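# Fold and contact review
Each chain, letter by letter, is given below.
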Amino acid sequence: MSLHERLKGGLFLSSMMGRTDGSFCAERGEGCALVQIGAYLAEPPAYGRAGYFLPPNREDCIRFFEREVSTIKRKLGIAVCVNLATPRLEWGLEAAECFKEAGGDILELNVHGGYRPYLERGLLRAMVLPENRRNLFLWLSEFSRLDIPIIVKFRLGVIDDYTPILDYISELEVFGVHFNIRDEAKKRPDFEFVRSFKSRYDLFLLVSGYVRSAEDARRLFDLGADMVGIAEPVLKEPNYIKRLYESLSGEATPPNRG
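Along each chain, numbering runs from 1 in the same order as the chain's sequence is written. With the structure being a predicted model, the display of local features is reserved for residues of pLDDT at least 70 and the display and counting of side-chain atom pairs for 80 or more, all residues being used for whole-chain, interface and lining totals. Side-chain numbers come from the whole structure's heavy atoms, not from hydrogens or water.

## A short note on the environment of Arg155
Working definition: helices are DSSP H or I runs of at least four residues, strands are E runs of at least two. Numbering for both runs from the N terminus. For Arg155, the location among the structural elements is in strand β5 (residues 150-155). Given a relative accessible area of 23%, Arg155 falls into the partly exposed group. The contact rule is simple, with two residues in contact once any of their heavy atoms fall within 4.5 Å. In contact with Arg155, other than residues within four places in its own chain, are Val111, His112, Arg125, Tyr162, Asn180, Arg182 and Glu184. Each residue's exposure class comes from its accessible area (1.4 Å probe, protein chains only) as a fraction of the maximum for that residue type: buried when under 20%, exposed when over 50%, partly exposed otherwise.

Rendered as structure tokens:
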């Protein structure tokens, strides 16, 4: 069974910077087919400023990821993804290799976040802007060549039209794309985006943002989403995803512990 087949139709715990480390995901990821640790930042000179900066030494970075990954896999036996951001391409590529060597399953390149020092450099969600897009395409091309599946995470609404970016991604060897589809005005997921996306692209699609019920998740799956993610609700209710999974009454693919 391929990784796509294992994960399709499953729920996942979406990364929250400063929250979703290995222990947190192991405690609150029951019912998931996938959990995402991070966001972690690959910026060696900044190591020690905060817990989300990765160790600068390769061996230390591998050991760090090994602890994170093994904590989750011992308890849940499911796939582990790391959400990664970096100010320099070479630092990000090396961190990805460390995660792979540590037993990680998927790397998610963060083209979503709002960490101001990186935004000011045209990184994270600023990478989708036309003036930064050439750099984005270079990064996507280089990350897609790594020997680890790659997900690219975007935030809906930063630009009006993601078509040029998605067209480019469609030509690369990437595992999938993850969109935060929060509709801030309605406080709901943007269901129409999923319908439109799946009518145009055959990419594996993960979505998250304002999923607050089994009905929300079921509707997103029915519209074509391949995975549905949860984040903030687990902060108040540790068993939120487990309860959501159970309430789907078997309509979501059970987590594969293989």
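Let us keep going from here.
## Focus: the packing of aromatic side chains
Side-chain rings of Phe, Tyr and Trp, where Trp is taken by its six-membered ring, are said to pair if the distance between their centres is within 6.5 Å; with planes under 30 degrees apart they count as stacked, over 60 as edge-to-face, and otherwise as tilted. The final tally for this structure, using the stated rule, is 17 aromatic pairs. Members of the aromatic cluster, connected to one another through ring pairs, are Phe154, Tyr162, Phe179, Phe193, Phe197 and Tyr201. The rule is short: NZ of Lys or CZ of Arg within 6 Å of the ring centre and within 35 degrees of the ring normal puts a charge over the ring. Sitting over the face of the ring of Phe191, Arg219 holds its NZ or CZ atom 4.0 Å from the ring centroid.

## Points about unusual backbone geometry
For the bond from Gly38 to Ala39, the omega torsion is 5 degrees, close enough to zero to count as cis. With respect to the helices and strands, the residue Ala39 is situated in strand β2 (residues 34-41). Its identity is not glycine, yet Leu124 carries a phi of approximately 55 degrees, on the positive side. Residue placement: Leu124 occurs in the loop between α5 (116-119) and α6 (133-144). For Leu124, a relative accessible area of 4% corresponds to the buried category. The backbone phi angle of Tyr210 is positive, close to 65 degrees, even though this residue is not glycine. Looking at the element boundaries, Tyr210 is found in the loop between β9 (205-208) and α9 (214-223). Overall, the relative accessible area of 10% leaves Tyr210 in the buried class.

## Points about the sheet that holds strand β6 (residues 176-180)
Pairing between strands requires that DSSP locate at least two bridges from one strand to the other. With respect to topology, eight strands assemble into a closed barrel ordered β1-β2-β3-β4-β5-β6-β9-β10, the strand pairing being parallel. The average angle at which neighbouring strand axes cross in this sheet is 25 degrees, direction not considered. Sheet topology places strand β3 (residues 79-85) next to strand β4 (residues 106-111); four bridges connect them, and they run parallel. Residue pairing across strands places Cys81 opposite Ile106, the latter belonging to β4. Contacting β2 and β3, helix α3 (residues 58-75) crosses the sheet at an angle of about 160 degrees to β2. Together, β2, β3 and β4 form the strand contacts of helix α4 (residues 89-101), whose direction differs from that of β3 by roughly 165 degrees. Axes, fitted as lines to C-alpha atoms, cover a helix only where it is in contact. Angles between the N-to-C directions of the axes lie from 0 to 180 degrees.

## Quick look at the packing of α3 against α4
The geometry of α3 relative to α4 is characterised by a closest axis approach of 8 Å and an angle of 50 degrees between their N-to-C directions. With respect to α4, the axis of α3 lies oblique. Where α3 crosses over α4, the two elements pack in a sense that is right-handed. Contacts from Arg58, Cys61, Ile62, Phe65 and Val69 of α3 reach α4 at Glu94, Ala95, Glu97, Cys98, Phe99 and Glu101. Residues are sorted three ways: Asp, Glu, Lys and Arg are charged, Ala, Val, Leu, Ile, Met, Phe, Trp, Tyr, Cys and Pro are nonpolar, and all the rest, Gly among them, are polar. Here the residues of the contact of α3 with α4 sort into seven nonpolar, no polar and four charged. Any angle from 65 to 115 degrees is called roughly perpendicular, while one under 35 is roughly parallel, one over 145 is roughly antiparallel, and all others are oblique. Handedness of a crossing follows from how the near helix is turned relative to the far one, being left-handed for an anticlockwise turn of less than a right angle and right-handed for a clockwise one.

## Here's the deal with the environment of Val35
Its place among the elements puts Val35 in strand β2. Residue classification places Val35 among the buried positions, given a relative accessible area of 0%. Sequence-wise, Val35 and Leu140 are 105 residues apart; in three dimensions their C-alpha atoms are separated by 22 Å. Sequence-distant contacts of Val35, defined by excluding residues within four places in its chain, comprise Leu13, Cys25, Gly29, Ile72, Ile78, Ala79, Val80 and Cys81.

## Quick word on the packing of helix α8 (residues 191-200) against α9
Between two packed helices, both the angle of their axes relative to each other and the distance between the axes serve to describe the pair. Where α8 meets α9, the closest approach of the two axes is 9 Å, and the angle between their N-to-C directions is 20 degrees. Taken together, the axes of α8 and α9 lie roughly parallel to each other. You can see that α8 and α9 cross each other, and the crossing is right-handed. Contact residues: α8 offers Phe191, Val194, Arg195 and Lys198, while α9 offers Asp216, Arg219, Leu220 and Leu223. Here the residues of the contact of α8 with α9 are counted per class, giving four nonpolar, no polar and four charged.

Take it as geometry only, folks, not as evidence of what the structure does.
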